[in-house]
Amino acid sequence: MSTVPALVWNRVRSLLPARADYAVMARNPRRDLLAGLTVAIVALPLALGFGVSSGLGAEAGLATAVVAGALAALFGGSNLQVSGPTGAMTVVLVPIVAQYGPGGVLTVGLMAGVILIGLALLRAGRYMRYIPAPVVEGFTLGIACVIGLQQIPNALGVAKPEGDKILVVSWRAVEEFLRSPNWTAAALAVGVAAVMLLGARWRPTIPFSIVAVIAATLVAQLFHLDAAAPIGDLPSGLPAPSLAFLDLSSLRGLLAPAVAVAALAALESLLSATVADGMTVGQKHDPDKELFGQGIANLAAPLFGGVPATAAIARTAVNVRNGAGSRLAALVHAAVLAVIVFAAAPVVAKIPLAALAGVLLATAIRMVEVGALRAMVKATRSDAVVLVMTALATLALDLVYAVVIGLVVAGVLALRAVAKQARMDQVSFRRDLPGEHSEEEHALLAEHIVAYRIDGPVFFAGAHRFLLALSEVADVRVVILRMSRISTMDATGALILKDAVQKLNRRGIAVMTSGIRPGQRQVLDSVGALDLLRVEGREYATTSEAIAGARAHLQYAGVLPVIPGQNAAVEEVSR
């Protein structure tokens, strides 16, 4: 086996589950079984609702929850994750369905699975931790708004209007409702959402989503509410795996959507895993294994007619709160849903679409953590700007663009804040004068020498602000730059420093430096600034030595009288 294939194979083996990953499943199986059953009850209406919202139908949501839920649990990097269709993913899929049809969504899922596996092989999981909290909160707020708006047609009992802009579609649905109100559908949607929200406050441990859906279905059936349109026929079982949907001619056009889906799956899954770790003691996920597991899940789900999947924060939280400690709980969740698909499809088919819309409306409302939003807005003005811009971009554009915009804005504002920390202050050099000096001599030195201390980073974002002002110093003969407190320097900062020194030299002002750190030498040398600072031996290790060199320079120039015992320094300058 050649070197490259061997390295790839070794990397793949490191991502595969080990025996220890499954050994924990035997520690407390009863607790995991109960947690898995509870999560399945919570997940059923969500899977149905997200399947309908995606445009592929309720059966696609169930297939995703079963296939992706099982495979992500087996191959993922967390013991606690529960995967399946999610609202965030639905937001991305709707425009793909509109442009390419259901086959395009399934193809995108396959391509996203390949991309996720590639990210796992490249060890990209570790970089997700650098996403700022305001970006995450803004992203979540925007997704919640989009999910809520997507439910308006079904909640109002009207056919979904044409269009791919969620705000436009929602407004058209409201107009259609006002022309021909369907109060039955609206009442069911509002009722289901109210039961879920109020019930969660009263008894958080009871899965009120399934209770509300069952109640809505019974009401619709008992009172023959024809205006409450049901889900419709569901297949009694999963379809046989097939690649018949794959259209090779569309692969190029679907590449960008596949990248978006993969990015969202990675982002949401790793965020969910981080949340799960924070809710427990002793659990820690492997980000690269998690990406690998999500990649396997997204490769398989489309073969059974499922939509792209990701880890679900809400279902994972339910799993943890109900005592799950291993992957067994997520596997039980998938198995229970599979049983429902095979045994209860006719019953599930009678669930009103308005009831599912109510479930997703309540889910969207519960996604918004008011306390976290308030904390972010109050933290700093920059955090508030990043949060709002990310949320607006999520609502107006697409989710990947929203995250990119949030990261760019956060990066620019962070650079601005860091750049403000850099400064250049004029400082007194009295205490650094070597030897004893009279007040008259010190006053004479201060008349011809000025010392500046540079603090903080000297880089492209802030160096212009103060280094260019250096060349405009008042008429003196020597400028001393104390550089020991520079934390970092890039090529731009070094070039600006070089330009300022050249301008001072052309005015006949000598520049002495002290305390250049080893990390700065390579940057200064690369742009030719180090040689300029070293001219005539004007680089010194300490400020005291730089002041002595400045005094010798002034004595040699005839500005200061030569003091007995200092001739050696003057001779050194003359050389």
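Here the structure is a predicted model, which is why all the values come from computation and not from measurement.

**Student:** Explain the pattern of salt bridges residue by residue, including any values.
**Tutor:** Per the counting criterion, the structure on display carries six salt bridges. In this structure, Arg423 engages Asp425 in a salt bridge whose closest nitrogen and oxygen atoms are separated by 2.9 Å. Relative accessible area serves as the criterion here: at 40%, Arg423 is assigned to the partly exposed category. For Arg485, the salt bridge identified is with Asp455, shortest N-O distance 3.7 Å. One end of the pair, Arg485, is in the loop between β5 (478-482) and β6 (486-489); the other, Asp455, is in strand β4 (residues 449-458), and 30 residues separate them in sequence.

**Student:** Talk me through the nonpolar core; I want residue IDs and the actual numbers.
**Tutor:** Burial of nonpolar side chains together is a common tendency in soluble globular proteins. Membership of the largest hydrophobic core comes to 87 residues, with the highest contact counts inside it found for Leu48, Ile96 and Val261. Val450, Val458, Ile496 and Ala500 belong to the second largest nonpolar core, which has 30 residues in total.

**Student:** How would you sum up a nonpolar patch on the surface? Please name residues and give values.
**Tutor:** On the surface, a nonpolar cluster with roughly 520 Å² of combined accessible area is contributed by Ile214, Leu218, Val219, Leu222 and Phe223. By the element assignment, Val219 lies in helix α11 (residues 208-222).

**Student:** Mind laying out the confidence of the model for the protein chain, listing which residues take part and the relevant values?
**Tutor:** Here the protein chain shows a mean pLDDT of 82. Residues at 70 or above account for 90%. This model gives residues 567-571 a pLDDT under 50, and the stretch forms six contacts once residues within four places in sequence are excluded.

**Student:** An account of the packing of aromatic side chains is needed here, citing residue identities and associated values.
**Tutor:** As enumerated under the stated definition, the model contains two aromatic pairs in all. Here the aromatic rings of Phe177 and Trp183 are separated by 5.2 Å at their centres, their planes lie at 80°, and the arrangement is edge-to-face. In this structure Phe177 comes out as buried when scored by relative accessible area, which is 7%.

Analysis parameters
- Residues numbered from 1 in each chain as written.
- Predicted model: local features only at pLDDT ≥ 70, side-chain atom pairs only at ≥ 80, totals over all residues.
- Heavy atoms only, no water.
- Salt bridge = Lys/Arg side-chain N within 4 Å of Asp/Glu carboxyl O.
- Buried < 20%, exposed > 50% of the residue type's maximum accessible area, 1.4 Å probe, protein only.
- Helix = DSSP H or I, 4+ residues; strand = E, 2+ residues; numbered from the N terminus.
- Core = buried A, V, L, I, M, F, W, Y, C linked by side-chain atoms within 4.5 Å.
- Patch = residues over 30% accessible without salt bridge, like charges linked within 9 Å, V, L, I, M, F, W, Y side chains within 5 Å.
- Areas by Shrake-Rupley, 256 points an atom, 1.4 Å probe, with all protein chains shown as cover.
- pLDDT = per-residue confidence, 0-100.
- Contact = heavy atoms within 4.5 Å.
- Phe/Tyr/Trp six-rings, centres within 6.5 Å; stacked < 30°, edge-to-face > 60°.

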